[in-house]
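Residue-level structure breakdown
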Amino acid sequence: QVQLVESGGGLVQPGGSLRLSCVASGYTFTTYAMSWYRQAPGKERELVAVTSTGDITKYLDSVKGRFTISRDNAKNTLYLQMNSLKPDDTAVYYCNVQIWGRAYWGRGTQVTVSS
């Protein structure tokens, strides 16, 4: 079965960096685009970044230039490098893949940006 496991979240000061990881299993990793979403308290879940199997990437405007999505196909792992973090980046971050019209999600990892 499809399984996505995020890690790498934590508490960081404004301006700091974190790298999130998502280890995928249960499907052919290289076949599908993958995404990072985030959801802050009281907010709608929003798409943060997407990467295709050909490494074409798209980003939420507010994270452009600060976040980088990438994938290591040999490790079945998706990454989100987050630099210059801001308090508004505080949220639970989720790994996502859509297969045959069904969305699969990890449990999420908490990112808190605070001084």
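One can find the structure itself at the top, above this paragraph.
Here is a short report on the structure shown in this document. (Residues numbered from 1 in each chain as written. Predicted model: local features only at pLDDT ≥ 70, side-chain atom pairs only at ≥ 80, totals over all residues. Heavy atoms only, no water.)

This brings us to the state of the cysteines. Throughout the structure, instances matching the rule amount to one disulfide. Sulfur-sulfur distance for the disulfide between Cys22 and Cys95 comes to 2.1 Å. Given an S-S torsion of about -75°, the disulfide between Cys22 and Cys95 has left-handed geometry. Highlighted residues: Cys22 in strand S3 (residues 18-25) and Cys95 in strand S9 (residues 91-99), separated in sequence by 73 residues. The exposure classification of Cys22 matches that of Cys95, with both residues buried. (Disulfide = S-S within 2.5 Å. Helix = DSSP H or I, 4+ residues; strand = E, 2+ residues; numbered from the N terminus. Buried < 20%, exposed > 50% of the residue type's maximum accessible area, 1.4 Å probe, protein only.)

Now for the pattern of salt bridges. Note that side chains of opposite charge can pair when their charged atoms are close. Applying the stated criterion to the full structure yields four salt bridges. In this structure, Arg38 and Asp89 form a salt bridge, with 3.0 Å as the shortest nitrogen-oxygen distance. With Arg38 in strand S4 (residues 34-39) and Asp89 in the loop between strand S8 (77-82) and S9, this residue pair connects regions lying 51 residues apart in the sequence. Each member of the pair Arg38 and Asp89 is classed as buried. Across the pair Lys64 and Asp61 runs a salt bridge whose closest N-O atoms are separated by 3.1 Å. Among the residues examined, Asp61 registers a relative accessible area of 61% and is labelled exposed. Here the salt bridges share partners, and the residues they tie into one network are Arg38, Glu46, Arg66 and Asp89. (Salt bridge = Lys/Arg side-chain N within 4 Å of Asp/Glu carboxyl O.)

In this section: the packing of aromatic side chains. Here the distance between the centres and the angle between the planes together describe a pair of aromatic rings. The final tally for this structure, using the stated rule, is four aromatic pairs. Between Tyr27 and Phe29, the aromatic rings sit 6.4 Å apart at their centres with planes inclined by 40°, giving tilted as the arrangement. With relative accessibility at 14%, the residue Tyr27 sits in the buried group. For Phe29, a relative accessible area of 3% puts it in the buried group. Linked through ring pairs, Tyr27, Phe29 and Tyr32 together constitute an aromatic cluster. When the ring centre of Tyr94 is taken as reference, the NZ or CZ atom of Arg45 above it lies at 3.9 Å. For the cation-ring pair, Arg71 lies above Phe29, with the distance from its terminal atom to the ring centre recorded as 4.5 Å. (Phe/Tyr/Trp six-rings, centres within 6.5 Å; stacked < 30°, edge-to-face > 60°. Lys NZ or Arg CZ within 6 Å of the ring centre and 35° of its normal.)

Scope: geometric values only; no functional claims are made or implied.
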